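This is what each chain is made of:
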Amino acid sequence: MAELFTAENLVALLTLTSLEVVLGIDNIVFIAILCARLPPERRESARRIGLFLAMFARIALLLMMGWLAGLTTPIVPAIEIGEFSHAFSGRDLILALGGVFLVGKATLEIHHKLEGPSGKDKHDAKPKHAEFGGILTQIVLLDLVFSLDSVITAVGMARSRYVMVAAVVLAVVVMLIFSGKIADFIERRPTIKILALSFLLMIGVTLVVEGCGGHVSKGYIYFAMAFSLGVEMLNLRMRKHEPVLLRDSHLPRDEESPHASS
């Protein structure tokens with residue numbers, strides 16, 4: 001345990017914790033959107049349980065690194081369709097199936113938000129909520145998929161298993177602190193929710209591509225997400241009719257230009 005406090009391992013711990021938090025953003029968004037289908041009084045507990053399950057899933061994978069390494073061995077003979085040829089490993093199948101599930105789930109959620117309740121549901125006195133167990137099952141399935149990417153990053157960056165486990169625990173603690181605020185922010189703004197679902201749709205497509213032997217740089221994905229979020233923040237500001245001051249001015253807008261009234 002003392003090896004955790006060497007200078008090299010402390011640097012690796014801080015770097016890896018930061019990366020784990022970044023890689024866990026999509027997981028937080030997915031959990032927040034799923035938990036929004038639950039009654040308000042159960043959402044916080046579902047988010048916490050979901051994040052703890054994600055932590056235990058990642059630690060379990062770290063403790064089974066030998067098995068994880070074996071997932072890269074092809075188990076399905078090469079499939080050839082035109083110019084496409086790829087032999088699927090266990091990791092490929094998990095990523096591809098997880099990506100398909102994420103694409104399907106995000107698409108259904110977008111349809112649900114755009115179409116609203118059905119005719120029968122509109123007349124119900126109480127809105128229908130998803131079951132707690134069903135939501136947790138979906139969270140566990142996607143936790144396993146998201147954990148693969150996270151664990152592979154950890155194995156590539158740190159030599160000590162203690163450092164990897166500590167980074168995962170610290171990242172989950174950070175996510176627990178901010179998950180409620182992120183969930184509330186998404187829930188109060190319908191357009192942000194659609195944007196978040198679009199991000200999950202994009203991540204799902206990326207997982208399918210990687211499962212089929214392709215590679216998509218995570219930098220492009222996170223840049224696209226940051227750019228889209230930045231544009232949406234400007235849209236939210238404009239909807240509040242709050243002008244964005246791009247330069248200092250001591251004069252009222254009407255007096256700023258002599259031709260303003262003409």
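Residues numbered from 1 in each chain as written. Predicted model: local features only at pLDDT ≥ 70, side-chain atom pairs only at ≥ 80, totals over all residues. Heavy atoms only, no water.

(A) Just helix H9 (residues 190-211), in detail. In a regular helix each residue adds 1.5 Å, so 22 residues correspond to 32 Å; H9 covers 31 Å between its end C-alpha atoms and thus fits that length. Gly213 occupies a position one or two residues after H9 and carries a positive phi of about 95°. (Helix = DSSP H or I, 4+ residues; strand = E, 2+ residues; numbered from the N terminus. Expected span 1.5 Å × (residues − 1).)

(B) Examining the packing of helix H2 (residues 25-35) against helix H3 (residues 40-63) more closely. It is at 10 Å that the axes of H2 and H3 come closest, and there the two elements cross at 145°. Remark: the crossing between H2 and H3 carries right-handed chirality. For the pair H2 and H3, the contacting residues are Asn27, Ile28, Ile31 and Cys35 in the first and Arg43, Ala46, Arg47, Gly50, Leu51, Ala54 and Arg58 in the second. Tallied by class, the residues present in the contact of H2 with H3 amount to six nonpolar, two polar and three charged. (Axes fitted to C-alpha atoms, helices over the stretch in contact; angles between N-to-C directions. Left-handed = near helix turned anticlockwise from the far one by under 90°. Contact = heavy atoms within 4.5 Å. Nonpolar A, V, L, I, M, F, W, Y, C, P; charged D, E, K, R; others polar.)

(C) Structural context of the nonpolar core. Counting 47 residues, the largest nonpolar core has Phe30, Leu51, Leu102, Ile139 and Leu200 as the members making the most contacts within it. For this core, the secondary structure elements donating two or more residues are helix H1 (7-23), H2, H3, helix H5 (90-115), helix H7 (132-157), helix H8 (161-188) and H9. For Leu51, the contacting residues outside a window of four places in its chain are Ile28, Ile31, Val172, Met175, Leu176 and Ser179. (Core = buried A, V, L, I, M, F, W, Y, C linked by side-chain atoms within 4.5 Å. Buried < 20%, exposed > 50% of the residue type's maximum accessible area, 1.4 Å probe, protein only.)

(D) Structural context of the packing of aromatic side chains. Across all of its chains, the model carries one aromatic pair by this definition. For the ring pair Phe223 and Phe227, a centre distance of 6.3 Å and an interplane angle of 20° mean the geometry is stacked. Residue Phe223 and its partner Phe227 are both found in helix H10 (residues 218-239); the two are separated by four residues, about one turn of the helix. Taken individually, Phe223 and Phe227 each receive the classification exposed, so the pair is uniform in this respect. It is Arg42 that lies over the ring of Phe132; its NZ or CZ is 4.1 Å from the centre. (Phe/Tyr/Trp six-rings, centres within 6.5 Å; stacked < 30°, edge-to-face > 60°. Lys NZ or Arg CZ within 6 Å of the ring centre and 35° of its normal.)

(E) Geometry of the pairing of strand S2 (residues 84-89). Bridging between strand S1 (residues 74-81) and S2 involves five bridges; their strand directions are antiparallel. Within S2, the residue paired with Val76 across the bridge is Phe88. Two successive antiparallel strands, S1 and S2, enclose a turn made up of two residues, where Gly82 displays a positive phi of approximately 65°. (Pairing = 2+ DSSP bridges.)

(F) Quick look at the pattern of salt bridges. Applying the stated criterion to the full structure yields four salt bridges. In this structure, the salt-bridge partner of Lys105 is Glu109, at a minimum N-O distance of 3.5 Å. Of the two residues, Lys105 and Glu109 are both situated in helix H5; the distance of four residues between them amounts to about one turn of the helix. There is no split in this pair, since Lys105 and Glu109 are both buried. (Salt bridge = Lys/Arg side-chain N within 4 Å of Asp/Glu carboxyl O.)

(G) Fine view of the confidence of the model for the protein chain. Across the protein chain, the average pLDDT comes to 76, with 78% of residues at 70 or higher. Element-level mean pLDDT values for the protein chain span from 50 in helix H11 (residues 253-256) up to 85 in H9. (pLDDT = per-residue confidence, 0-100.)

(H) Structural detail: H10. Compared with the 32 Å implied by 1.5 Å per residue over 22 residues, the 32 Å span of H10 between its first and last C-alpha is a close match. Looking only at H10, the buried set comprises Ile221, Met225, Glu232 and Leu236. All buried residues of H10 lie within an arc of 50° about the axis, which places them on one face of the element. Residues Tyr220, Phe223, Phe227, Leu234 and Met238 are exposed on H10 and point more than 90 degrees away from its buried face. (Arc of directions from axis to C-beta.)

(I) Quick look at the environment of Glu187. Position of Glu187 relative to the elements: it lies in helix H8. Separated by 155 residues in sequence, Glu187 and Ala32 have C-alpha atoms that sit 8.4 Å apart. Leaving out residues up to four positions away in the same chain, Glu187 has contacts with Ala36, Arg43 and Lys193.

(J) Structural context of a nonpolar patch on the surface. A cluster of nonpolar side chains, namely Ile49, Leu53, Val140 and Leu144, defines an oily patch on the protein surface of about 270 Å² accessible area. Of all the secondary structure elements, the ones that give two or more residues to the nonpolar patch are H3 and H7. Examined against the element boundaries, Ile49 turns out to sit in helix H3. (Patch = residues over 30% accessible without salt bridge, like charges linked within 9 Å, V, L, I, M, F, W, Y side chains within 5 Å. Areas by Shrake-Rupley, 256 points an atom, 1.4 Å probe, with all protein chains shown as cover.)

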